[in-house]
Every structure is written in structure tokens, then in C-alpha cells.
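# Breakdown of the fold
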Amino acid sequence: MKVLGHRLQLLTGLLLHDVTMAGLQELRFPEEKPLLRGQDVTELDNPDTFLSVVDTDWKEHDIETPYGLLHVVIRGSPKGNRPAILTYHDVGLNHKLCFNTFFNFEDMQEITKHFVVCHVDAPGQQVGASQFPQGYQFPSMEQLAAMLPSVVQHFGFKYVIGIGVGAGAYVLAKFALIFPDLVEGLVLMNIDPNGKGWIDWAATKLSGLTSTLPDTVLSHLFSQEELVNNTELVQSYRQQISNVVNQANLQLFWNMYNSRRDLDINRPGTVPNAKTLRCPVMLVVGDNAPAEDGVVECNSKLDPTTTTFLKMADSGGLPQVTQPGKLTEAFKYFLQGMGYIAHLKDRRLSGGAVPSASMTRLARSRTASLTSASSVDGSRPQPCAHSESGEGMGQVNHTMEVSC
């Protein structure tokens, strides 16, 4: 379906057809420039672009877990039954390098101010982390996932909406498989559900012998085309990975990620007793990202009735950095699909002032129509159920291309 012009009509149509939850969809967004609002690419060379935090009410915690201390940064406090937004970064990064651009984006803050936000740093990856002692055994990917219930319990969260990138997406998916009652929804960027075969393992070992660790990690974060053509952004991350993240700790995390096993998921009905993610999932990847094949395969293994596939056109390995506006827009639709509606300031639609931001929860009928509104602090919303008769929604296309 081609959608040209009339942005308001497009967005209204997306909501009414509940595209975020009604089946397998592919949303293609064009590149949004400049990379950051009010900035050009050269400004990304400034470390403050990644490491500064606009808000002053973030609080740092070191939380005891069965597999060691976990560094967590949190803003806000739980309110009623509202879920927390919990993030997990990719290998080579930490929560600041991975998520600051996205969460500092103005429209994203209009959403997140209604939730408690919790950023998790993998062990030893936070800014200023001490180097692990000789012989330290870094937690496996399964153990990293098993550390997260301690975070949930420590802060009194009832459940979370996870946002993960790369290795962090794998950890959150594993967390949702082991502790499904704690996860209400997942946004998984650049996830690769497959463990490395021996050929891939050998190639990684060879790369480690011929390249520096930052360069090896950069080839995981960016495609070859980006490494050649987007030199300003790549050079910025090379500097940050080299200077901000402890290299010995990073090597341990990198080795463990490359030793991961296949994520044990299958589409329901394809194999007996298939395991799958029970919560709504939005898969995100740029069409010029090194993880594209892995995300496509992950999509083939998930329930299409609760999975949204978002492929961002003209985007590379870090869509949350290069296109925070488009990703924010998609995240808003994802929340709407789970029963949360954000009435946000959107100058692109209104051209002027609109009512101040607020969050409400929608109750949904069996036919997926929007029926009534209630307080956001009410009972936990459930994924949209579809009528067997097909009334109300009608048939929804599995692929949708959006040109904005």
C-alpha cells in the first residue's frame, strides 16, 4: 500500500487499523535528516553528544544479583500498574552511548515522562567501571537475563516494556522467555537469534587477531557501507568505544556474546510445544544494517499476530541514533497497540499548540475496535484479541510501506 501526502490521514489510518498489533507488518521509513534535531553530523564528534543527560533526576544504583553487581540508572518511580521502560544496550556500548540520543529526543520525552525509565548497563560496561580482576568469569547471556528479575524486584516493578539493541535485545528476549510474566512488551533492535557456527566463530577469532577491539565492534554495529560512507558517525563511536568503555571488560562481554546459543524460539504451530515470546514484540532494523538477516529470521520465528516488523529505509545499524524521530513515532504506535494512547505535542501534524501530553489506557473489544477509555493505572492491558469472524478489523495486509 502506497501512502503519499496527508500525514494526518496516514497516522489516523494506522491507529484505526491497529497496525502495530494486528499482524506481521513491515513499515519502511525514509531517512530523516539532520541526524539530531538542531545538529549536523560533525557535532557527533563531541563526546557530550552521547554522554550528557538533559534530565537531572536520574539516579544511579548498583544492585546485587545472583551473578554479581548490576549498574542501573533510573528516572521516576513506579505508579500504580503502569509498566517500567527497561533498556539494555548492545555490546561495545553502554546505556549512554546507546540510548541518550533516543531518550533525549523531545518527542520521546513526551512519552517517557509518563513511565519510570530504567537503563541497565551490562556488567563492567558503564562509564568509569573498574576493570574486572584476572580470572573473572563474565556471566553467560542466560545469566545476564537471569540478573534482571533482581532489578524488577529492587524497584518494585510489576512488569516492564523492554527496549534492547543487538546483544541487549538478545538478553531481553531471553529474559522474556524465562520470566514471561514480568514482560509486557519488547522492542528489539538488531536482534540475531542465532548462535555462531564454527565458521563464524573462526572468522571472529581471525578478525580479533588482525583488528583492534574497537574496530571489530564497529563492524558489528555498522555495515560496511556505513563504515566507508558515514565516517563522522563511525569515527565518533570509535573514539567513545575506545575511551569510555573499559577495554578488558568489553572483551569479556564481546567473547560471551559471540559464544551465545540459538535463541530457543519457534513460530507457534510449526513444531510441537513451540516456545515463543508471549508478549507483543516490535522488531526494528535498518535496511542497511549488518543485523538485517538475523532480524528477518527472528521475525519468521515469532507469532505474526503479536509481532510488528519495522524496517527503516535508508537507515543503518543504529536507527535510535540516526533516526530518533521515526523510531519515537513507531514506539508510540506500539504503545497504542498495547492499550496505551499518548496525546502528544506534534508540531508536524497540528502546526501549533495541542493539549498537553497525557496517557490513557484503552479497553478493547474482541473485534479490536476502540471502545472505551479508563485510567492508565487500571488493570494490566492485554494484547489485542481478534474476532474469529473477522468483524471490525477486516483483513490486514502483512506488509505496509510508509513513505513520509
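As a reminder, the structure under discussion sits directly above these lines.
Residues numbered from 1 in each chain as written. Predicted model: local features only at pLDDT ≥ 70, side-chain atom pairs only at ≥ 80, totals over all residues. Heavy atoms only, no water.

## Notes on the overall build of the protein
The condition that has to hold: Only runs of H or I of at least four residues qualify as helices and only runs of E of at least two qualify as strands under DSSP, and these elements are numbered from the N terminus. Each residue's exposure class comes from its accessible area (1.4 Å probe, protein chains only) as a fraction of the maximum for that residue type: buried when under 20%, exposed when over 50%, partly exposed otherwise. Residues are treated as being in contact if the distance between any of their heavy atoms lies within 4.5 Å. Shrake-Rupley sampling with a 1.4 Å probe provides the accessible areas, and residues are treated as covered by the protein chains on show and by no other component.
Each helix and strand counted, the protein has 15 helices and twelve strands in total. Each of the 404 residues in the protein was classed as buried or not, and the buried ones make up 54%. The long-range share in the protein, meaning contacts at least 24 apart out of those at least 6 apart in sequence, stands at 75%. As displayed, the protein has an accessible area near 17,200 Å², and 51% of this comes from carbon and sulfur atoms.

## Overview of the pattern of salt bridges
To keep it simple, the criterion reads: Salt bridges are defined as contacts in which a side-chain nitrogen from Lys or Arg sits within 4 Å of a carboxyl oxygen from Asp or Glu.
Under the counting rule described, the total for this entry stands at nine salt bridges. The salt bridge partner of Arg-238 is Asp-215, with a shortest N-O separation of 2.9 Å. On the criterion of sequence distance, the pair formed by Arg-238 in helix H10 (residues 231-244) and Asp-215 in helix H8 (residues 213-221) is long-range, its members being 23 residues apart. Accessibility expressed as a relative area gives 31% for Asp-215, which makes it partly exposed.

## Here we look at the packing of aromatic side chains
Rules: Stacked, edge-to-face and tilted labels apply to pairs of Phe, Tyr and Trp rings (six-membered ring for Trp) whose centres lie within 6.5 Å, assigned for plane angles under 30 degrees, over 60, and everything in between, in that order.
This structure, assessed with the given rule, holds nine aromatic pairs. On the basis of an interplanar angle of 10 degrees and a centroid distance of 3.9 Å, the ring pair of Phe-132 and Tyr-136 is categorised as stacked. Assessed through its relative accessible area of 25%, Tyr-136 is described here as partly exposed. Geometrically, the ring pair formed by Phe-222 and Tyr-237 is edge-to-face, given 5.9 Å between the ring centres and 65 degrees between the ring planes.

## Some remarks on helix H14 (residues 324-337)
As a reminder of what qualifies: Multiplying 1.5 Å by the helix residue count minus one yields the expected span of that helix.
Taking 1.5 Å per residue as the helical rise, H14 with its 14 residues ought to reach 20 Å, and the 20 Å between its terminal C-alpha atoms agrees with that figure. Counting buried positions along H14 gives 14 out of 14 residues, so the element sits mostly inside the fold. Gly-339, located one to two residues past H14, shows a positive phi value of around 105 degrees.

## Quick word on helix H12 (residues 292-300)
Two residues of an α-helix separated by three or four positions point the same way, owing to the 3.6 residues in each turn. For clarity, the threshold we go by: The arc refers to the directions leading from the helix axis to the C-beta atoms.
For H12, the complete set of buried residues consists of Glu-292, Gly-294, Val-295, Cys-298 and Asn-299. Looking down the long axis of H12, one finds its buried residues gathered within 165 degrees of arc, a one-sided arrangement. Here the buried face of H12 lies against strand E8 (281-286) and strand E9 (307-312).

## Considering the pairing of strand E2 (residues 59-65)
Short version of the rule: In this description, strands pair whenever DSSP reports at least two bridges between them.
Bridge analysis of E2 against strand E3 (residues 68-75) gives seven bridges, and the strand direction is antiparallel. In the strand pairing of E3, Lys-59 is matched with Ile-74.

## Side note on unusual backbone geometry
Of note in this structure, Asn-190 is not a glycine but carries a positive phi near 60 degrees. Mapping Asn-190 onto the fold places it in the loop between strand E7 (183-189) and helix H7 (198-210). You will see that Asp-314, though not glycine, has its phi angle at about 55 degrees, which is positive.

## Considerations on the packing of helix H5 (residues 141-155) against helix H6 (residues 167-178)
For the record, the criterion: Angles here are taken between N-to-C directions and fall from 0 to 180 degrees, while the axes themselves are lines fitted to C-alpha atoms, restricted in helices to the stretch in contact. When describing relative orientation, an angle under 35 degrees is termed roughly parallel and one over 145 degrees roughly antiparallel, while 65 to 115 degrees is termed roughly perpendicular and anything else oblique. Each crossing gets its handedness from the near helix: less than a right angle anticlockwise from the far helix is left-handed, clockwise is right-handed. Only Asp, Glu, Lys and Arg are considered charged in this grouping, and only Ala, Val, Leu, Ile, Met, Phe, Trp, Tyr, Cys and Pro are considered nonpolar; every other residue, Gly among them, is considered polar.
Closest axis-to-axis distance for the H5/H6 pair is 8 Å, and the angle between their directions is 70 degrees. One element, H5, and the other, H6, form an angle in the roughly perpendicular class. Considering the relative orientation of H5 and H6, their crossing is right-handed. Residues Met-141, Glu-142, Leu-144, Ala-145, Leu-148, Pro-149 and Val-152 of H5 lie in contact with H6, whose contacting residues are Ala-167, Tyr-170, Val-171, Leu-172, Lys-174 and Phe-175. A breakdown of the residues in the contact of H5 with H6 according to their chemical character gives eleven nonpolar, no polar and two charged.

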